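Residue-level listing of the chains:
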Amino acid sequence: MADLVWKSRGRTGRSTRTLRVRTSAVLVALIALAVLLVPPLAQLDQQAVDLSMKLRPPSWAHPFGTDDVGRDLLLRCVYGLRVSLLVGLVAALVATVIGTAVGAAAGALGGWTDRLVMRAVDTLASIPHLLLGVFIVAMFRPGVWPVVVSVALTHWLSTARIVRAEVLSLRSRPFVDAAISGGASRLRVTVRHLVPAVLPQAGLAAVLMIPHAMWHESALSFLGLGLPAHQASLGNLVQTARGSLLAGDWWPTLFPGLLLVVPTLAVAGLAGAWRDRLNPRRRSELTL
């Protein structure tokens, strides 16, 4: 009887995870299609002002409604999502490269180099990301690339820790001992064996970093330190809609917020499946 209960729980868990992964994949595909197809297919200018259409609720003509100057909110949200995805993807890539290089060097060299690098990482990690990001962005004019630099320079720390831990684990594996016994240098072992072995974990960290970077960019733009106010950004849209929300107009705030939440949930669902594949032991425990 107990075996039947465990088997039924395992089947239920597997079906739930499969449904979550499929739903996440569909959401990611819809987001990609919206970003790629909505702007060229729409017959509207996202910057076109029409005060006669000011703050109209969602309708067939304007599925997301209009903002406080009559601009189509669907197009504004899609353009804002484009910017947020650009910042998230580029910043995650740069942060992953930096974190992988630092973590691999610390784990491979060991000794005082490892201690010095990780104490520096711990010191930087003790500073709140948003506060450090505000300091970096404040040194440049508002724009996309200062935000990318800010996010990348504040988000590589977790990747460095993950990669270092993986490298330290791999250093005791037989294939590393065999390579060293064969006369391979420490640099060659690191580049040819250790770094390729930690790339799946680094890739997972990069995927999980994308929604985090999107929220970071939106927070900076909401505070007026990210993108210029006239440029569509999810953070700018939410910031502009504050007055409308107090007046009872909910749609200018709801839809930009949803376009932050939905990609986060979709990426988390896909990343969870990736993590289970990287860790078969955890996956077998979940199926019990």
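What counts, and at which threshold
- Residues numbered from 1 in each chain as written.
- Predicted model: local features only at pLDDT ≥ 70, side-chain atom pairs only at ≥ 80, totals over all residues.
- Heavy atoms only, no water.
- Salt bridge = Lys/Arg side-chain N within 4 Å of Asp/Glu carboxyl O.
- Buried < 20%, exposed > 50% of the residue type's maximum accessible area, 1.4 Å probe, protein only.
- Helix = DSSP H or I, 4+ residues; strand = E, 2+ residues; numbered from the N terminus.
- Axes fitted to C-alpha atoms, helices over the stretch in contact; angles between N-to-C directions.
- Left-handed = near helix turned anticlockwise from the far one by under 90°.
- Contact = heavy atoms within 4.5 Å.
- Nonpolar A, V, L, I, M, F, W, Y, C, P; charged D, E, K, R; others polar.
- Core = buried A, V, L, I, M, F, W, Y, C linked by side-chain atoms within 4.5 Å.
- Phe/Tyr/Trp six-rings, centres within 6.5 Å; stacked < 30°, edge-to-face > 60°.
- Lys NZ or Arg CZ within 6 Å of the ring centre and 35° of its normal.
- Patch = residues over 30% accessible without salt bridge, like charges linked within 9 Å, V, L, I, M, F, W, Y side chains within 5 Å.
- Areas by Shrake-Rupley, 256 points an atom, 1.4 Å probe, with all protein chains shown as cover.
- Parallel < 35°, antiparallel > 145°, perpendicular 65-115°, else oblique.

A.B. asks: Explanation requested: the pattern of salt bridges in the structure shown.
C.D. replies: Side-chain pairs of opposite charge can arise where the charged atoms are in close proximity. Counting across every chain of the model gives 4 salt bridges. For R71, the salt bridge identified is with D67, shortest N-O distance 2.9 Å. The class for D67 is buried, based on a relative accessible area of 7%. Close ionic contact of R164 with D114 constitutes a salt bridge, the shortest N to O distance being 2.6 Å. One end of the pair, R164, is in helix α6 (residues 157-170); the other, D114, is in helix α3 (residues 111-125), with 50 residues separating them in the sequence. On the accessibility criterion, R164 (23% relative accessible area) is partly exposed. Each of R119, D122 and R161 takes part in a single network of salt bridges with overlapping partners.

A.B. asks: What's the story with the environment of P252 in this structure? I'm lost.
C.D. replies: Along the polypeptide, P252 turns up in helix α11 (residues 251-278). Separated by 11 residues in sequence, P252 and A241 have C-alpha atoms that sit 5.4 Å apart.

A.B. asks: What is the right way to read the packing of α3 against α6 from this model?
C.D. replies: When two helices pack together, their arrangement is given by the angle between the helix axes and by the axis-to-axis distance. Viewed as axis vectors pointing N to C, α3 and α6 meet at an angle of 145°, and their least axial separation amounts to 10 Å. By crossing handedness, the relation of α3 to α6 is classed as left-handed. Along its contact with α3, which presents D114, M118, V121, D122, L124 and A125, the element α6 presents L157, R161 and R164. Split into classes, the residues belonging to the contact of α3 with α6 amount to 5 nonpolar, no polar and 4 charged.

A.B. asks: Looking at this model, I keep getting lost on the nonpolar core. Mind explaining?
C.D. replies: Side chains of a nonpolar character, in soluble globular proteins, are inclined to be buried together. By size, the foremost hydrophobic cluster in this structure holds 25 residues, and its most contacted members are C77 and L81. Among the elements that take part in this core, helix α2 (residues 73-109) stands out by supplying 7 residues, more than any other. Not counting the four nearest positions on each side in its chain, L81 is found in contact with I31, V35, M214, L234, L259 and P263. With 12 residues, the next largest nonpolar core counts V83, V147, V151 and L227 among its residues.

A.B. asks: So what exactly am I meant to see when it comes to the packing of aromatic side chains here?
C.D. replies: Using the criterion set out here, one finds 3 aromatic pairs in the structure. Summarising the aromatic geometry, the rings of F64 and F255 are spaced 4.2 Å apart at their centres and angled 5° between planes, so their arrangement reads as stacked. One end of the pair, F64, is in the loop between α1 (2-41) and α2; the other, F255, is in helix α11, with 191 residues separating them in the sequence. Owing to a relative accessible area of 18%, F64 belongs among the buried residues under this scheme. Relative to F255, the ring of W250 lies with its centre 6.2 Å away and its plane at 45°, an arrangement referred to as tilted. Put simply, the rings of F64, W250, W251 and F255 touch in pairs and so form one group of aromatic residues. A cation over a ring is seen here: R82 above Y79, with NZ or CZ 5.5 Å from the ring centre.

A.B. asks: Quick question: what am I supposed to make of the side chain of S150 here?
C.D. replies: With respect to the secondary-structure elements, S150 resides in helix α5 (residues 144-154). Taking relative accessible area as the criterion, S150 reaches 0% and is therefore assigned buried. For S150, the contacting residues outside a window of four places in its chain are G133, I136, V137, H216 and L220.

A.B. asks: What should I look at first to understand a nonpolar patch on the surface in this one?
C.D. replies: A cluster of nonpolar side chains, V26, L30, L33, L36 and L37, forms an exposed patch at the surface whose accessible area comes to about 470 Å². Classification of L37 by relative accessible area gives partly exposed; the value is 41%.

A.B. asks: For this particular structure, what's the right way to read the environment of A34?
C.D. replies: Tracing the chain through its elements places A34 in helix α1. Contacts of A34, omitting those with residues within four sequence positions, involve P39 and V78.

A.B. asks: Looking at this structure, how should I read the packing of α5 against helix α8 (residues 186-222)?
C.D. replies: The N-to-C vectors of α5 and α8 enclose an angle of 130°; their axes lie 10 Å apart at closest approach. When the axis of α5 is compared with that of α8, the two are oblique. The chirality of how α5 crosses α8 is right-handed. Here V147, S150, V151 and T154 of α5 lie close against α8, whose contacting residues are A213, H216, E217 and L220. Split by residue class, the contact of α5 with α8 holds 4 nonpolar, 3 polar and 1 charged.

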